[in-house]
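# Geometric and topological summary
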Amino acid sequence: MHCYETKYDVIVVGAGHAGCEAALAPARMGCLTLLLNMSLDGMAVMSCNPSIGGLAKGHLVREIDALGGEMAKNIDATGIQFRVLNTRKGPAVRAGRAQADKQLYRLRMKYVLEHQDNLHVKQGEVTALYMQGDELMGVDTRSGIRFIGRTVILTTGTFMRGLIHIGLINYPGGRAGDLPSAGLSDDLRGLGFDVGRLKTGTPARLDGRTIDFSRLEAQYSDDNPVPFSFSTKRITMPQIPCYIAYTNSKTHEIIRSGLDRSPLYSGVIEGIGPRYCPSIEDKIVRFPEKERHQTFIEPEGLETVEYYPSGMSSSLPIDIQIAFYRSMEGLEKVEMMRPAYGIEYDYVNPIQLHATLETKLIKNLFHAGQINGTSGYEEAAGQGLLAGINAALRVKGKEPVRFARHESYIGVMVDDLVTLGVKEPYRMFTSRAEHRLLLREDNADIRLRDLGYRLGLVDEDTYSDFCNKKDEINKELERIKVTRIGLTPVEKEWCSHHDCKDIQKGTTLDQILRRPEIGYDQLQEIDQISKELTKEVREQVEIQIKYQGYISRQMEQIERMRKQEEVRIPEEFDYNNIPGLTLEVQEKLKRYKPDTLGQAARIEGITPAAVAIVAVMLKSRGEQKVES
């Protein structure tokens with residue numbers, strides 16, 4: 001084994017969406033970083049859907065941007081359709097989603113990585129960790145090169161022992177057209193990690209020249225596309241439509257006829273698939289009463305004829321795939337350019353991680369992305385960013401970053417993973433967040449930008465713009481508290497027009513804004529200063545005013561929970577023979593090894609009484625607080 005002469009602070013294995021953020025963060029924080037990928041043409045590839053964002057996922061993208069990550073900027077520069085979802089619902093569940101030009105997305109991220117100071121990008125397949133006794137020293141590659149690093153981040157995606165299924169045919173692959181990673185998961189298993197098996201899939205890619213779009217329902221971009229990055233002023237890419245198509249009874253009949261050759265239903269696939277994103281054959285079996293299923297026919301780019309039929313992932317044989325697509329209206333003559341397939345891959349149980357994403361078994365080793373059992377580009381990128389930050393902080397000898405559940409969707413996701421583990425691919429939903437009114441897309445910068453700046457991930461100009469925005473919000477909140485209307489003839493007419501005749505002389509503007517029917521669009525008709533505010537400032541002020549009561553109650557709940565979250569459980573804490581703890585509870589606590597009392601309380605089967613007993617034992621030994 002040849003030992004490479006350069007010694008790295010951080011080594012990142014894999015350059016998917018987790019790996020890109022995991023490599024950029026420490027490099028931007030001043031650490032010499034190495035990014036290794038099996039193919040340098042495979043960095044930031046959108047293996048499945050050509051889009052970023054969506055419900056809850058858009059929140060993650062905004063948080064990544066607020067902390068100084070790259071995903072939001074990348075989609076803003078390469079997105080070809082932007083939409084805000086749930087616009088008729090409250091601000092907590094509104095979310096952005098954007099179609100990407102798939103190749104431009106990959107190429108721009110590759111450019112960013114290659115031009116980042118302190119970051120070396122190299123091609124290589126990692127087959128094992130390089131250990132000296134219990135100490136992690138670096139990684140070994142199949143080509144016989146050993147790279148030395150102080151910390152290592154594994155972001156292996158679906159490549160570890162990847163196995164592709166199309167009907168009853170299967171072959172090794174990390175995704176269609178790529179080889180799998182062999183050896184690394186066996187090495188991890190040998191080191192004591194709990195390695196399991198999961199399954200996911202992707203739809204066919206269709207030739208747009210053979211689709212009759214005139215018979216499909218077009219869905220266009222928003223008129224004024226909203227960027228993901230707080231730094232992006234406007235979207236400049238051309239915007240093109242998606243199209244909506246539907247399955248029918250004939251489609252379902254064809255799918256059923258192929259179930260005997262489905263690896264999913266014939267027992268060939270061992271891994272557990274994503275319950276919240278089932279294959280089309282799974283939908284037909286599980287929901288037999290549904291007469292049709294919707295699919296969005298999404299363009300993969302401006303310069304390609306390939307289209308992605310969202311929600312139609314499958315591992316059925318190719319002849320069945322062709323037949324069921326051609327049974328759909330508008331797709332009668334469609335040609336498949338790439339078949340759908342299912343893929344099995346190895347993952348490591350995330351209960352073996354701290355909330356910093358460092359493994360509990362090996363110091364200085366971090367895991368991020370699908371190796372932790374998650375699905376989705378956004379979930380992966382959020383983990384990659386956190387792992388990269390904490391690897392850099394470890395190198396610098398500083399305390400790690402941990403996110404509480406009330407601070408970010410990243411915090412909710414990581415806590416779910418490390419506290420509960422996964423039995424199926426994990427996907428983020430707004431319903432997973434107890435305090436989602438505080439964790440909105442629109443205020444991600446207010447929650448996290450200061451931290452990104454302190455870490456060195458946010459540049460001075462960006463931070464200065466943010467500080468100005470925050471100042472304007474605070475000034476406006478103060479102004480509307482003291483500005484009162486005098487019920488001039490113009491104001492009386494305004495009240496009558498907006499059905500606000502009960503408003504009295506001396507009513508403050510913030511009291512008026514609390515009314516459900518009144519927003520800044522209406523207020524600016526009688527308040528000149530309101531016209532001069534930016535859209536972002538108006539939005540923040542209006543949300544804070546209208547939802548003040550709900551926000552205050554959530555803050556009170558967080559304060560009540562904070563004490564448990566701050567009580568740290570030492571790694572060497574002995575749960576054996578604690579009076580009052582059942583053997584079942586002892587075994588669960590020993591298996592999960594929670595970092596804090598709050599984390600212990602969220603483990604399934606751990607009762608409040610058990611938590612109270614552990615709290616008493618910790619207090620008797622001297623209560624420990626989690627470092628901030």
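Residues numbered from 1 in each chain as written. Predicted model: local features only at pLDDT ≥ 70, side-chain atom pairs only at ≥ 80, totals over all residues. Heavy atoms only, no water.

The helix and strand tally for the chain stands at 21 helices and 20 strands. For the chain, the spread of C-alpha atoms along the principal axes amounts to about 85 × 70 × 50 Å. Within the chain, contacts between residues at least 6 apart in sequence are counted, and of these 74% link residues at least 24 apart. For the chain, the accessible area works out to roughly 27200 Å², and carbon and sulfur atoms hold 49% of it. Between the mean site of the 82 positive side-chain charges and the mean site of the 88 negative ones, the chain shows a separation of 2 Å. (Helix = DSSP H or I, 4+ residues; strand = E, 2+ residues; numbered from the N terminus. Contact = heavy atoms within 4.5 Å. Areas by Shrake-Rupley, 256 points an atom, 1.4 Å probe, with all protein chains shown as cover. Lys, Arg positive; Asp, Glu negative; His and termini not counted. Charge placed at Lys NZ, Arg CZ, Asp CG, Glu CD.)

Taking 1.5 Å as the rise per residue, helix α11 (residues 444-455) with 12 residues should run 16 Å; its terminal C-alpha atoms sit 16 Å apart, in good agreement. Inspection of α11 places Ala 444, Asp 445, Leu 448, Arg 449, Leu 451, Gly 452 and Leu 455 among the buried residues, and these make up the whole buried set. On its buried face, α11 is in contact with α2 (57-66), α9 (377-395) and α12 (460-482). (Expected span 1.5 Å × (residues − 1). Buried < 20%, exposed > 50% of the residue type's maximum accessible area, 1.4 Å probe, protein only.)

Within the largest apolar cluster, 76 residues are counted, with the highest numbers of intra-cluster contacts made by Tyr 105 and Ile 389. It is α9 that contributes the most residues to this core, 11 residues altogether. Two domains each provide a minimum of three residues to this core, namely domain 1 (2-157 + 187-200 + 345-455) and domain 2 (205-341). For Ile 389, the residues in contact, after removing those within four places along its chain, are Ala 25, Met 29, Val 401, Leu 455 and Leu 457. One finds Ile 211, Ile 255, Tyr 307 and Val 334 within the second-largest nonpolar core, a separate group that totals 23 residues. (Core = buried A, V, L, I, M, F, W, Y, C linked by side-chain atoms within 4.5 Å. Domains from an automatic or database assignment.)

Where α2 contacts helix α3 (residues 71-78), the two axes come as close as 7 Å, and the packing angle between them is 110 degrees. Accordingly, the angle class assigned to the pair α2 and α3 is roughly perpendicular. Facing α2, whose interface residues are Val 61, Ile 64 and Asp 65, α3 presents Met 71, Ala 72 and Lys 73. Taken together, the residues of the contact of α2 with α3 sort by class into 4 nonpolar, no polar and 2 charged. (Axes fitted to C-alpha atoms, helices over the stretch in contact; angles between N-to-C directions. Parallel < 35°, antiparallel > 145°, perpendicular 65-115°, else oblique. Nonpolar A, V, L, I, M, F, W, Y, C, P; charged D, E, K, R; others polar.)

Turning our eyes to something else, we now look at the domain arrangement of the chain. The domain boundaries assigned to the chain delineate domain 1 (2-157 + 187-200 + 345-455), domain 2 (205-341), domain 3 (460-551) and domain 4 (567-627). A separation of 27 Å is found between the C-alpha centroids of domain 1 and domain 2. At the junction of the two partners, domain 1 supplies 46 residues and domain 2 supplies 37 residues. In total, about 3400 Å² of surface goes out of reach between domain 1 and domain 2, with carbon and sulfur atoms giving 54% of it. For the interface between domain 1 and domain 2, the tally reads 2 salt bridges. Note that Lys 102 and Glu 300 form a salt bridge whose closest N and O atoms lie 3.4 Å from each other. There are 24 residue pairs in polar contact (both at pLDDT 80 or more) connecting domain 1 and domain 2. Taken together, the residues that form the side of domain 1 that touches domain 2 break down as 18 nonpolar, 10 polar and 18 charged. (Buried area = accessible area lost by both parts, 1.4 Å probe. Salt bridge = Lys/Arg side-chain N within 4 Å of Asp/Glu carboxyl O. Polar contact = N/O pair within 3.5 Å; in protein donor to acceptor, adjacent residues only side chain to side chain.)

Turning next to α12. In a regular helix each residue adds 1.5 Å, so 23 residues correspond to 33 Å; α12 covers 33 Å between its end C-alpha atoms and thus fits that length. Within α12 the residues assigned to the buried category are Thr 462, Tyr 463, Phe 466, Lys 469, Ile 473, Glu 476, Leu 477, Arg 479 and Ile 480. Buried-residue contacts for α12 involve α11, α14 (509-513), α15 (520-523), α16 (528-532) and α17 (535-546). The distance from a side-chain oxygen at the start of α12 to the backbone nitrogen of Asp 461 is 3.1 Å, and the residue carrying that oxygen is Asp 459.

Structurally, the position occupied by Leu 583 is in helix α19 (residues 583-592). Counting along the chain gives 17 residues from Leu 583 to Ala 600, while the straight-line C-alpha distance between them is 15 Å.

In this section: the packing of aromatic side chains. What describes a pair of aromatic rings is the distance from one ring centre to the other and the angle between the planes of the rings. In the structure shown here, the tally under the stated rule is 9 aromatic pairs. Measuring from ring centre to ring centre gives 5.2 Å for Tyr 4 and Phe 147, while their planes differ by 50 degrees; the resulting arrangement is tilted. Taken together, the residues span a long stretch of sequence, with Tyr 4 in strand β1 (residues 2-13) and Phe 147 in strand β9 (residues 145-154) at a distance of 143 residues. Taking relative accessible area as the criterion, Tyr 4 reaches 19% and is therefore assigned buried. For Phe 147, a relative accessible area of 4% translates into the label buried. Ring plane angle 5 degrees and centroid distance 3.8 Å describe the contact between Tyr 453 and Tyr 463, whose orientation is recorded as stacked. (Phe/Tyr/Trp six-rings, centres within 6.5 Å; stacked < 30°, edge-to-face > 60°.)

Ordered by their spatial adjacency, 4 strands build an open sheet running β11-β10-β19-β12, and the pairing between neighbours is antiparallel. Unpaired on one side and paired on the other, β11 (169-172) and β12 (195-202) mark the two borders of the sheet. Strand-to-strand, the axes of this sheet are offset by a mean angle of 25 degrees, without reference to chain direction. For strand β10 (residues 163-166) and β11, the ladder comprises 4 bridges, and the chain directions are antiparallel. Bridge assignment links Ile 164 to a residue of β11, and that residue is Tyr 171. (Pairing = 2+ DSSP bridges.)

Let's shift gears to the side chain of Glu 300. As for its placement among the helices and strands, Glu 300 is situated in the loop between β16 (294-299) and β17 (306-309). With sequence-adjacent residues up to four places away left out, Glu 300 is seen in contact with Cys 48, Pro 50, Ala 100, Asp 101, Lys 102, Arg 205, Glu 306, Tyr 307 and Tyr 308.

Another aspect to go through is unusual backbone geometry. Although it is not a glycine, Asn 364 adopts a positive phi angle of roughly 75 degrees. Mapped onto the secondary structure, Asn 364 falls in the loop between β19 (341-348) and β20 (365-367). Backbone geometry at Lys 593 places phi at a positive 45 degrees, although glycine is not the residue there. Relative to the helices and strands, Lys 593 resides in the loop between α19 and α20 (597-601). On the basis of relative accessibility, which here comes to 46%, the residue Lys 593 falls in the partly exposed class.

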